[in-house]
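# A structural walkthrough
This is what each chain is made of:
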Amino acid sequence: MKRFLIASALAVATAATPALAADVGVSVSIGQPGFYGQLDIGGFPPPRVIYREPIIVERAPRNRPPVYLRVPQNQIKHWSKYCHRYNACGERVYFVHDDWYERDYVPRYKEKHHKKEKARHDNRRDDRRGDHDNGRHDKDRGHGRDH
């Protein structure tokens, strides 16, 4: 009986483990360590790129702008195996240098988006403050009381 209970407990634990692991998600955004992906170069100085000419795996339309990516070095060497991860197989791709990304892109990106986030946060705080003040003024005036 003891063996049966132990075996049952192990079976339940083994069956539950993959379900718990599947719920875990990791999101890494621009500027955080380990970010790899497409960069929006608009408004930034020209990036330092690894190759002067874009890399093309599949036929790429000329009327679209090229895609600038930061990817691990081993993926650049074998780009045709990895381009699908970045939805860039049919694009003209430039790979940016890690030092340009860290030194030039990330600080400007954070500064630009920090200002936008702060403005959005300030607007929300003002909206809440207005609602709160109106409620307090109504109470101070005695609205809703029977005398």
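Above this text you will find the structure in question.
Residues numbered from 1 in each chain as written. Predicted model: local features only at pLDDT ≥ 70, side-chain atom pairs only at ≥ 80, totals over all residues. Heavy atoms only, no water.

### Focus on the overall build of the protein chain
Where we set the bar: By the criteria applied, helices consist of DSSP H or I runs no shorter than four residues and strands consist of E runs no shorter than two, each listed in order from the N terminus. Under the scheme applied here, a residue whose accessible area is under 20% of the maximum for its type counts as buried, over 50% as exposed, and between as partly exposed, the area being computed with a 1.4 Å probe on protein chains only. The criterion used for residue contact is that any of the two residues' heavy atoms lie within 4.5 Å. Here, Shrake-Rupley sampling with a 1.4 Å probe gives the accessible areas, and only protein chains in the shown set may cover a residue.
When its secondary structure is counted, the protein chain shows four helices and three strands. Along the chain direction, N to C, the helices and strands of the protein chain fall in the order α-β-β-α-α-β-α. By residue count, 24% of the 147 residues in the protein chain fall in the buried class. Sequence separation of 24 or more characterises 77% of the internal contacts of the protein chain that already satisfy a separation of 6 or more. Split by element, the accessible area of the protein chain, about 11500 Å² in all, is 52% carbon and sulfur.

### Some thoughts on the side chain of Arg-70
What counts, and what does not: Pairing of N or O atoms within 3.5 Å defines a polar contact, subject to two protein rules: one partner must be a possible hydrogen donor and the other a possible acceptor, and residues neighboring in sequence count only if both atoms are side-chain atoms.
Following the sequence through the fold, Arg-70 ends up in strand S2 (residues 67–70). Within the structure, the side chain of Arg-70 is placed 2.7 Å from the backbone oxygen of Phe-35, a separation counted as a polar contact. Within the structure, Arg-70 has its side chain in polar contact with the side chain of Asp-98 (distance 2.8 Å). Filtering out sequence-adjacent residues up to four positions away, Arg-70 remains in contact with Phe-35, Tyr-36, Gly-37, Leu-39, Val-96, Asp-98, Tyr-101 and Glu-102.

### Brief notes about the state of the cysteines
Put simply, the test is: Counting rule for disulfides: a pair of cysteine sulfur atoms within 2.5 Å.
Using the criterion set out here, one finds one disulfide in the structure. Each disulfide pairs two cysteine sulfurs, and for Cys-83 the partner residue is Cys-89, the sulfurs being separated by 1.9 Å. When the S-S torsion is 90 degrees, as for the bridge of Cys-83 with Cys-89, the disulfide is right-handed. What makes Cys-83 buried here is its relative accessible area of 1%.

### Concerning the sheet that holds strand S3 (residues 93–95)
To be explicit about the condition: Being paired, for any two strands, means DSSP has found at least two bridges between them. Lines fitted to C-alpha atoms define the axes, with helix axes restricted to the stretch in contact, and inter-axis angles between N-to-C directions lie between 0 and 180 degrees.
Ordered in space as S1-S2-S3, the three strands form an open sheet in which the pairing is mixed. Edge positions in the sheet fall to strand S1 (37–39) and S3, since each has one partner strand and no second. Neighbouring strand axes in the sheet, compared pairwise and without regard to direction, differ in orientation by 45 degrees on average.

### Details of the pairing of S2
Both faces of S2 are covered, namely the face carrying Val-67 and Leu-69 and the face carrying Tyr-68 and Arg-70. Two strands pair when backbone bridges link them, and S1 and S2 are joined in this way by three bridges, in the antiparallel orientation. Each residue of the ladder has a partner; that of Gln-38, found in S2, is Leu-69. As judged from the three bridges shared by S2 and S3, these two strands associate in the parallel manner. Paired with Tyr-68 across the two strands is Tyr-94, which belongs to S3.

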